[in-house]
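Structural characterization, general
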There are 2 protein chains.
Amino acid sequence: MSIATELVEIIFKDLTLTFKEKQLLAQNFKKLNLPKHSLLLEAGQQVYDQYFVADGCLRTYYIDPDGKEHTVQFAIEDWWISDYTAFFSSSNAVMNIECIQDATLFKISKKDMELLYLKIPKLESFFRKKMERAFASFQKRIISNLAQSASERYLNFVNSYPNIEQNVKNYHIASYLGITTQSLSRIRKDLVKA
Amino acid sequence: MSIATELVEIIFKDLTLTFKEKQLLAQNFKKLNLPKHSLLLEAGQQVYDQYFVADGCLRTYYIDPDGKEHTVQFAIEDWWISDYTAFFSSSNAVMNIECIQDATLFKISKKDMELLYLKIPKLESFFRKKMERAFASFQKRIISNLAQSASERYLNFVNSYPNIEQNVKNYHIASYLGITTQSLSRIRKDLVKA
DNA sequence: CAAAAAAATTGACCTATGGTAATAAATCAA
DNA sequence: TTGATTTATTACCATAGGTCAATTTTTTTG
């Protein structure tokens, strides 16, 4: 069948689904191609959708009142991305989402999602478990922020996202770690020395 | 019926449940009374359960390699608490959970929970939505850590947990904010002045 | 390929927060 | 109630990381 059906087999490859169910899913996803540097979402917009990253690299970031950017999350192949706070509560985005590399995404709206949960209960399990993992990883990040120095957090980051460094700028990493690019630069210099 | 049934009506008061379903739930929850200062969970232990706080105040904290405590979460009436990273992944706790005030809890194991999800699908929705809110609040905390100064974070905290200050020590708050008690003390002094 | 733009590095200095230690205040327990 | 213990405050100095500004390196684009 269509590309969408194929993709559904990637997105939900861990689920055992009937042909009917796959079809139903495929009908609800929409493919999206975005070039590098484009914005998928801007603060203030209504958030209807969440996105599955089939290919490429994106980041979610918050712009604070001083105009400084803070990267909340990177997303590569096989990750989901959105402004989830806004997505869940059907409120307006506070985050921005930018393509760091050309990206292929599959989107689905919250409304369709909730309908699908009713029709395919194992889908709700699937996303509950995803949420649980995302929750756990955010918790790890909070602990890391509380307990570790900037250079420890950097090493931590490099470990957790081993393949991401080719894709992202240093200032993306710095804004994820909560430090300036200058500090990151010094940290890297010191690590080479040591 | 039993106290457990009553409690289930508190825990799941927002759900429309049949008598049978309530009974089923009540059978799976166990009541727990804990005195102030007792440990509900210690790092290293297997985590089988999550806990609903019917009364009292608890905190989840991580002890880093230097022996410093970092408070990840407070829980008062109507909140759920556990080392969720361990609970979800059935691994050992990295966190400790302590009663800050005498507490009444209702616990349920992950195993029983998963079985209940199958028997009562709206339960899965219920917890998925809880997870979504918890995820969103963790995300807010990450942003707050990245974008705000210690005193901004403190004001933020006081706003988010308006009734908690009577229950907790300053060093609990400091360890939640990622600062020393001395810094918190200075921040409070400056706020009085301003 | 060259010029322009963007990103990264470095240096000098600054500031918020940490560490240590002493003291004061609050809480607990006999 | 009082003495003991825990918690909070304050002062003084140390330090990680920030700011500003100049320079170098890398990437982009015509």
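Residues numbered from 1 in each chain as written. Chains lettered and ligands numbered in written order. Predicted model: local features only at pLDDT ≥ 70, side-chain atom pairs only at ≥ 80, totals over all residues. Heavy atoms only, no water.

By the naming in an unreviewed UniProt entry, chain A goes by Crp/Fnr family transcriptional regulator and is assigned to Aequorivita xiaoshiensis.

Moving on, we get to the environment of B:Phe12. All names here are of chain B. Its place among the elements puts Phe12 in the loop between α1 (3–11) and α2 (19–28). For Phe12, a relative accessible area of 2% translates into the label buried. Residues Phe12 and Phe126, spaced 114 residues apart in sequence, show a C-alpha to C-alpha distance of 8.6 Å. The residues contacting Phe12, other than those within four sequence positions of it, are Leu17, Leu25, Phe29, Leu123, Phe126 and Phe127. (Helix = DSSP H or I, 4+ residues; strand = E, 2+ residues; numbered from the N terminus. Buried < 20%, exposed > 50% of the residue type's maximum accessible area, 1.4 Å probe, protein only. Contact = heavy atoms within 4.5 Å.)

Next up on the list: the interface of chain B and chain A. Across the contact, 35 residues belong to chain B and 36 residues belong to chain A. For the pairing of chain B and chain A, the buried interface totals around 3,300 Å² over both sides, and the portion due to carbon and sulfur atoms is 70%. The interface formed by chain B and chain A contains four salt bridges. One salt bridge in this structure joins A:Arg128 and B:Glu114, with 3.2 Å as the shortest N-O distance. Run the count over chain B and chain A and you get seven residue pairs in polar contact (both at pLDDT 80 or more). Listing elements by their share of the side of chain B that touches chain A, those giving two or more residues are β4 (69–76), α3 (84–89), α4 (110–119), α5 (121–147) and α7 (170–177) of chain B. The element contributing the most residues to the side of chain B that touches chain A is α5(B), with 17 residues. (Buried area = accessible area lost by both parts, 1.4 Å probe. Salt bridge = Lys/Arg side-chain N within 4 Å of Asp/Glu carboxyl O. Polar contact = N/O pair within 3.5 Å; in protein donor to acceptor, adjacent residues only side chain to side chain.)

All names here are of chain A. Per the stated rule, a full pass over the model turns up zero disulfides over all chains. Cys99 carries a free sulfur, and the closest cysteine sulfur to it, the one in Cys57, is 9.1 Å from it. For Cys99, a relative accessible area of 0% puts it in the buried group. (Disulfide = S-S within 2.5 Å.)

To continue, consider the side chain of B:Gln73. Turning to its location among the elements, B:Gln73 is positioned in strand β4. Excluding residues that lie within four positions of it along the chain, B:Gln73 makes contacts with A:Gln139, B:Leu58, B:Arg59, B:Thr60, B:Phe138 and B:Tyr176.

So, on to the protein's contact with DNA strand C. Neighbouring DNA strand C are 17 residues, the closest being A:Asn170, A:Lys189, B:Gln182, B:Ser183 and B:Arg186. Between DNA strand C and A:Arg186, the relevant distance is 2.9 Å, taken from a base oxygen to a side-chain nitrogen or oxygen of the residue. Contact between DNA strand C and B:Lys68: a phosphate oxygen at 3.0 Å from a side-chain N or O atom of the residue. Counting residues per element, the ones that place at least two in the surface near DNA strand C are α7 (170–177) and α8 (181–193) of chain A together with α8 (181–193) of chain B. With four residues, the single largest contributor to the surface near DNA strand C is α8(A). Among the residues forming the surface near DNA strand C, the class breakdown is three nonpolar, eight polar and six charged. (Near = heavy atom within 4 Å. Nonpolar A, V, L, I, M, F, W, Y, C, P; charged D, E, K, R; others polar.)

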